[in-house]
Amino acid sequence: CPSRLLVGAPWDGNGHGDIYKCGVGLQNSSCAKANVGAAAPWLRSSAGHLGMTLVDSKDGGFVACAPLWSQECGTSVFSSGRCVRLNEELQLMGTIAPTAQRCSTYMDIVLVLDGSNSIYPWEEVQAFLGNILGRFFIGPGQTQVGVLQYGERLVQEWALGQHPTAQGLLEAAQNLTRQEGRETRTAMAIHQAWWALEWGMGMGMRAGLGMGAG
């Protein structure tokens, strides 16, 4: 059986890092990249330099660490580091992150907007929405915002996490059009919004979070 050599490449992919498995002792031997980032997307969020540390594990696989991996929480950045467990075939078996924590900005927020004819001018609503959204720290591991609009009926403008960046949310707010309608059915809208959130009907609410709408 030909020997193989594992090589850590902590500067691979703009510092995200990766692992290579190389043949040893064979003519025209080559190296295969593990592409750990495909199985662990969190690696791409920070230049953690995966592969700076490689350690054998008792199950025949090994542990690779990204000691400089950082976690953004609002305006703060915490360099907690993370490790992955890989088997002999370089397949991801698990993540080791004993010091990683959930950000205090980890929230799901649903805004319920009145889009009936009683609201004028609509540009002020768009400006208000943009002002509110600009105050949140938007991201998959931080705040997600969904928007429901109502007049005579309730419409989901976008679900939680549909726009995962602040820029995407602000652009969506600028392009938001008014539903219009002669009736302002506020109670119906709040009830249906609560129902959609309570039963997870397409809003994309994450597990472990309380429910709220404004």
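Criteria and cut-off values
Residues numbered from 1 in each chain as written. Predicted model: local features only at pLDDT ≥ 70, side-chain atom pairs only at ≥ 80, totals over all residues. Heavy atoms only, no water. UniProt positions renumbered as here; feature names shortened; annotations may be inferred. Helix = DSSP H or I, 4+ residues; strand = E, 2+ residues; numbered from the N terminus. Expected span 1.5 Å × (residues − 1). Contact = heavy atoms within 4.5 Å. Disulfide = S-S within 2.5 Å. Buried < 20%, exposed > 50% of the residue type's maximum accessible area, 1.4 Å probe, protein only.

The name given to the protein in an unreviewed UniProt entry is ITA10 protein, and the organism recorded there is Polioptila caerulea.

Draft legend 1. Representation of the UniProt feature "domain: VWFA" (unreviewed entry) in the protein. UniProt records the feature "domain: VWFA" (unreviewed entry) for residues 108–193 in the present numbering. The annotated region residues 108–193 carries 34% helix and 23% strand content, and the separation between its end C-alpha atoms amounts to 13 Å.

Draft legend 2. Region of the structure containing helix α2 (residues 122–133). The end-to-end C-alpha separation of α2 is 17 Å, in line with the 16 Å expected for 12 residues at 1.5 Å each. Residues of α2 that are buried sit in contact with β10 (107–114), β11 (143–150), β12 (154–158) and α3 (166–174).

Draft legend 3. Spatial organisation of the state of the cysteines. In the structure shown here, the tally under the stated rule is two disulfides. Here Cys22 pairs with Cys31 through a disulfide, and the sulfurs are 1.9 Å apart. Every disulfide takes its handedness from the sign of the S-S torsion; for Cys22 and Cys31 that torsion is 110°, giving right-handed. Relative accessible area serves as the criterion here: at 9%, Cys22 is assigned to the buried category. On the basis of relative accessibility, which here comes to 46%, the residue Cys31 falls in the partly exposed class.

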